[in-house]
Amino acid sequence: MSSTYTVERSRVVDAPADRVYQLVADFEQWTRWSPWEDVDPQMERRYSGADSGVGAVYSWAGNRKAGSGRMEISRADEPRLVEIALEFEKPFKSSNLTVFTIDPLEPAAGADEGRSKVTWRMTGPRPLLLKLLSPVMNMEKIVGTDFEKGLARLAEVARPKPAG
């Protein structure tokens with residue numbers, strides 16, 4: 001079994017890449033679409049560093065399920081890429097790399113604006129304990145389901161609202 005794991009999900013979003021990028025590169029926008037917002041309504045959030053893009057920092061502390069940790073955008077190539085150093089403190093310590101790639105696509109038939117293919121990937125260490133627990137703690141299923149939920153929410157938030 002590999003010493004690392006990778007979880008990746010993609011979705012086509014009916015919004016141009018620059019709109020999607022703004023929702024991903026600004027941590028304060030994550031409250032609108034992150035799949036983990038429902039885990040702990042009392043979760044403490046702190047934002048520091050840059051407002052968005054490289055140097056933006058988001059820290060959280062919540063209940064047992066939410067845990068605590070820190071994310072910092074380490075690379076941002078607008079509107080196509082956001083790379084995040086992700087540090088979990090609780091319920092377990094772990095350093096991970098999260099990458100969003102946003103590929104512009106042609107507008108759908110009859111649409112005014114472009115679409116985007118958004119890919120969300122996380123790579124992290126698979127220590128011995130995680131290897132032993134892999135039959136019951138499958139990162140692909142656990143995190144993959146969250147990524148699918150988050151991408152669906154991101155698609156909804158990014159979609160242009162009808163005028164009027």
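Before reading further, recall that the structure is shown in the block above.
Residues numbered from 1 in each chain as written. Predicted model: local features only at pLDDT ≥ 70, side-chain atom pairs only at ≥ 80, totals over all residues. Heavy atoms only, no water.

Draft legend 1. A look at the packing of aromatic side chains. Enumeration over the complete set of coordinates arrives at 14 aromatic pairs. A ring pair is formed by W30 and F100, whose centres lie 5.8 Å apart and whose planes are at 80 degrees; its orientation type is edge-to-face. Separated by 70 residues along the polypeptide, W30 in the loop between α1 (17-25) and β2 (44-49) and F100 in strand β6 (residues 94-105) bring together distant segments of the chain. Both residues of the pair, W30 and F100, count as buried. Centroid distance W120 to F147: 4.1 Å. Interplanar angle 10 degrees. Geometry classified as stacked. Residue W120 is found in strand β7 (residues 115-125), and its partner F147 is found in helix α3 (residues 139-158); the two are separated by 27 residues along the sequence. The two residues W120 and F147 agree in class, both being buried. Put simply, the rings of F27, W30, W33, W36, Y47, Y58, W60, F88, F100, W120 and F147 touch in pairs and so form one group of aromatic residues. (Phe/Tyr/Trp six-rings, centres within 6.5 Å; stacked < 30°, edge-to-face > 60°. Helix = DSSP H or I, 4+ residues; strand = E, 2+ residues; numbered from the N terminus. Buried < 20%, exposed > 50% of the residue type's maximum accessible area, 1.4 Å probe, protein only.)

Draft legend 2. Region of interest: the pattern of salt bridges. One pass over the full model with this rule turns up 10 salt bridges. Here R121 ties to E8 by a salt bridge, and the two come within 3.6 Å at their closest N and O atoms. One end of the pair, R121, is in strand β7; the other, E8, is in strand β1 (residues 4-13), and 113 residues separate them in sequence. Judged by relative accessible area, which is 28%, R121 ranks as partly exposed. In this structure, the salt-bridge partner of R153 is D38, at a minimum N-O distance of 2.4 Å. Highlighted residues: R153 in helix α3 and D38 in the loop between α1 and β2, separated in sequence by 115 residues. (Salt bridge = Lys/Arg side-chain N within 4 Å of Asp/Glu carboxyl O.)

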